[in-house]
Amino acid sequence: MKAVILGGTTGIGRAIARRLAERGDSVFLLARELDDLTRSAEDLTARHPKREPVGHALCDLERPEGFAAALDAADAALGGFDAVIVTAGLFATQDALEADIEFTRRLVTVNYANTVVFCEHARKRLLTRGGGRLAVFSSVAGDRGRKPVAIYGSSKAGLSVYLEALDHKFHAQGLSVLCVKPGFVKTGMTAGLKPPPFAGDPEQVARDVVRAMDRRRPMLYTPGMWALVMLVIRWLPRFVMRKINF
Amino acid sequence: MNPRTTPTLSGWGRLPAPGVEKLSEDLERLTRGAALTRGLGRSYGDSSLPAKADDLVACSRMADRILGFDPETGVLRAEAGFSLVELNRLFMPRGWFSPVTPGTKFVTLGGMVASDVHGKNHHVEGCFGAHVRSLRMRLADDSIVDCGPEQEPELFDATVGGMGLTGHILEVEFTLARIPSRWIHMESERMPSIDEFLAGLGRAAPAFPMTMGWIDCLHRGRSMGRGILMAGRWAEASEAGELAPRAAHPLTMPVDLPNLAINDLTVAAFNALYYWKHLRRRATTLVAPDPFFYPLDAILEWNRVYGPRGFTQYQCVIPRQAGAPAVREFMDLLTKLGGASPLCVIKDCGPEGRGMLSFPLEGTSIAVDMAVSPEIQSIVDRLNEFVIAAGGRIYLTKDRFTRPEHYRAMEPRLERFLAAREKYDPHRRLRSGQSVRLLGDVA
């Protein structure tokens, strides 16, 4: 794979970038801060005995005007990428979002609108060269309207529907779209929250994601246990959902 | 406060203290205003525990990037949370290994510096700190400085083995060692008594870069201190062949065993089995690095065998001048005081390093696990009194029960360390449970 990773400097993105770099795939990093990017690029470069220095460019999901240039830089550095991975996004608890309307605006804009715009840029580039792989992080929170993730979950629900439709529409043209739905994963994003049962770690999720990309799967629940949990949740009647606090 | 819901942190010995750790990939930002940084929490006692429940404890675990590696010289620079597990996984296949490794690979570089860890090769290579070229640190006043053996040497010497009390270690640069293969040539020998053991260690030290011994600490009388001496060196490529060691698949201890699982009977049975499993008196084998360096890492969370009561490790070094009789007397005292333990390790240490509070000094180091019991304080006191009289000292990384007056009595270098601390942290912003207990910091 020749993969561009938006959000590849931290958390699950970091773990995916490492996994790809260590097995010899080419990687290009996109993130918001230059110092963070250079350190992560150096880390990836050192993880493989024979590799060219890993490239990087600034890209911020809050600044859609920069998406095209960032992807062009990745294209030039990789000699044409064939995979795009998006792990970046914003998160806050429901309580924090309810208390901060401006952050709510930013979060839904980044997680839904701007992520869709970024994917459109990436999709067009991939399709011009006969397809490839697009893997984007949605969330189990988008599967059902739930009290603790009302706002965050809705931003991911929109994204999940977009990704599913993208896969239906362009699959025949060689583009595989993977919608990743992680459950609770112990990363910097969730630091400070109490991990529920079946909480995953970034390395485990990265392994699942890379495998699903290799197999061109359209959807992935990770850790796997969440597929079962969400199956139950999706079928719970409304009156039950109204009662429980999950 | 409800003890069931109050969040706690604990060291490897599982005695908890109220507190929480903050995690982030950005250690530089995370350590601003923090009282303490901890890594993977493998120190046994209270050195990685907060002095107060609301002290900000930064956890370095997510700050784990390699910042540069020079394949010509072996110089590696990484963030402080980079672990030895990752180092081994990535660099052993490329012919490099940590110059010094402790008995577990679940430690971070920052922790290795703060504890100035030593390993089986101490008599040849010294402590980890001897191989460190540079540290980037956040000091108590929130400034960020670089130090090393030549740059800010006072800060460097106070930090190496300084238990995190001089500043937060952000980045570590050190030199890896070249290894000729991924196998260890090991010679092991059954030792019927402590005197033969000491003689055996003495013989092995000049011949092998790595030595250590396991002691059956329940056996008394003429065969007191019997055990197995292990000496090794990296196998040459020609001896090792092409095969790579199989990747280890560790088991996990799934539950706490009951407190009584470790008792005189079970330990005596384990020790006898372990001793007599070594059928021939002498054996030469080719072993993989993992079982050689990290036998206990084969079972994740093995500390749960001691049960919910928790445990501690007593590790001291008896100086060479005190001689073999002192070591024999110490073993005699140790076996008399009881404390059934399947783990008792003996090792010859080389000369003292430059870290102001670094543990090893030329002599014999003995480490023994002990379950926490109502008698633990008096056992540690008795052992410490012996060690003070012999001119030895204890290892802070393992300690939870030493009294401040005992520590002062065994640590003539403390004044120098305190002076450095006065200079770099006059308001004692950096502190731990251990610094409150031993150095009188205010909680």
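Residues numbered from 1 in each chain as written. Chains lettered and ligands numbered in written order. Predicted model: local features only at pLDDT ≥ 70, side-chain atom pairs only at ≥ 80, totals over all residues.

Participant: It is not clear to me how the environment of methionine 230 of chain A should be interpreted in this structure. Could you clarify?
Facilitator: Among the structural elements, methionine 230 of chain A can be located in helix α8 (residues 225-235). Once you skip the residues sitting within four places of it in the chain, methionine 230 of chain A turns out to touch Val140, Asp143 and Tyr221 of chain A. (Helix = DSSP H or I, 4+ residues; strand = E, 2+ residues; numbered from the N terminus. Contact = placed C-beta atoms within 7 Å.)

Participant: Would you take a moment to explain the sheet that holds strand β10 (residues 144-147) of chain B for this structure?
Facilitator: Strand pairs in the sheet, formed through backbone hydrogen bonds, run parallel or antiparallel to each other. All names here are of chain B. Sheet architecture is open: 5 strands sit in the order β6-β7-β11-β9-β10, paired in antiparallel fashion. With partners counted over all chains shown, the strands left at the sheet margins are β6 (66-70) and β10, one partner each. Neighbour-to-neighbour, the strand axes of the sheet open up by a mean angle of 10°, direction not taken into account. Of the strand pairs in this sheet, strand β7 (residues 75-79) and strand β11 (residues 168-175) are connected by 5 bridges, and their pairing is antiparallel. Among the inter-strand pairings, valine 75 is bridged to a residue of β11, identified as threonine 175. (Pairing = 2+ DSSP bridges. Axes fitted to C-alpha atoms, helices over the stretch in contact; angles between N-to-C directions.)

Participant: Quick question: what am I supposed to make of the domain arrangement of chain B here?
Facilitator: Residues and elements named next belong to chain B. For chain B, the assigned domains read domain 1 (8-59), domain 2 (66-179) and domain 3 (184-408). Taken residue by residue, the interface counts 13 residues in domain 1 and 18 residues in domain 2. Within the residue set of the side of domain 1 that touches domain 2, elements represented by two or more residues are α1 (27-30) and β4 (36-38). Looking at side-chain class alone, the side of domain 1 that touches domain 2 contains 5 nonpolar, 5 polar and 3 charged residues. (Domains from an automatic or database assignment. Nonpolar A, V, L, I, M, F, W, Y, C, P; charged D, E, K, R; others polar.)

Participant: Sorry if this is basic, but what is going on with the interface of chain B and chain A here?
Facilitator: As a measure of interface size, the accessible area lost when the parts come together is often cited. Contacts between the two partners involve 12 residues from chain B, matched on the other side by 10 residues from chain A. A per-element tally of the side of chain B that touches chain A places β6 of chain B first, with 4 residues. Taken together, the residues of the side of chain B that touches chain A break down into 6 nonpolar, 2 polar and 4 charged.

Participant: For this particular structure, what's the right way to read the sheet that holds strand β21 (residues 363-371) of chain B?
Facilitator: Residues and elements named next belong to chain B. Ordered in space as β17-β13-β15-β14-β20-β21-β19-β22, the 8 strands form an open sheet in which the pairing is antiparallel. Of all the strands in the sheet, just β17 (282-287) and β22 (393-394) have a single pairing partner and so form its edges. The strands that helix α6 (residues 194-207) touches are β13 (184-191), β14 (210-215), β15 (227-234), β20 (344-349) and β21; relative to β15, the one it contacts most, it runs at about 5°.

Participant: Please clarify how the pairing of β17 of chain B should be interpreted in this entry.
Facilitator: Consecutive side chains of a regular strand alternate in pointing toward one face of the sheet and then the other. Residue and element names in this part refer to chain B. Counting buried positions along β17 gives 0 out of 6 residues, so the element sits mostly on the surface. Relative to β17, β13 runs antiparallel, the two sharing 6 bridges. Within β17, the residue paired with glutamate 189 across the bridge is arginine 282. (Buried ≥ 20, exposed ≤ 12 C-beta atoms within 10 Å, placed from the backbone.)

Participant: Would you mind showing me how to read unusual backbone geometry here?
Facilitator: With glycine set apart, most residues show a phi of negative sign, and most peptide bonds adopt trans. Between threonine 222 of chain A and the following residue, proline 223 of chain A, the backbone shows a cis peptide bond with an omega angle of -10°. Mapped onto the secondary structure, proline 223 of chain A falls in the loop between β7 (219-222) and α8. Phi angles above zero are rare outside glycine, and aspartate 142 of chain B is one such case at about 75°. One can find aspartate 142 of chain B in the loop between β9 (132-138) and β10. According to the C-beta neighbour criterion, aspartate 142 of chain B is exposed, with 12 such atoms within 10 Å.

Participant: Would you explain the nonpolar core in this entry?
Facilitator: Across soluble globular proteins, nonpolar side chains have a tendency to be buried as a group. Among the nonpolar cores identified, the biggest contains 113 residues, and Val113, Leu135, Ile169, Val172, Leu229, Cys316 and Val368 of chain B are the most heavily contacted of them. When neighbours within four sequence positions are excluded, leucine 229 of chain B is seen to be in contact with Ser188, Glu189, Met191, Phe197, Gly200, Leu201, Ala204 and Gly213 of chain B. The next biggest cluster of nonpolar side chains, apart from the first, holds 65 residues, and it includes Ala74, Ala83, Ala88 and Leu159 of chain A. (Core = buried A, V, L, I, M, F, W, Y, C linked by C-beta atoms within 7 Å.)

Participant: For this particular structure, what's the right way to read helix α10 (residues 323-337) of chain B?
Facilitator: Side chains three or four residues apart in an α-helix point the same way, a direct result of the helix having 3.6 residues per turn. Residue and element names in this part refer to chain B. Between its first and last C-alpha atoms α10 spans 22 Å; for 15 residues at 1.5 Å apiece the expected length is 21 Å, and the two agree. Taken together, the buried positions of α10 are Ala326, Val327, Phe330, Met331, Leu334 and Thr335. Projection of α10 onto a plane perpendicular to its axis shows the buried side chains occupying an angular sector of 165°, all on one side. Away from its buried face by more than 90 degrees, α10 exposes Pro325 and Lys336. Contacts from the buried residues of α10 go to α6, β19 (311-319), β21 and α11 (376-390). Just downstream of α10 lies glycine 338, where phi reads positive at about 80°. (Expected span 1.5 Å × (residues − 1). Arc of directions from axis to C-beta.)

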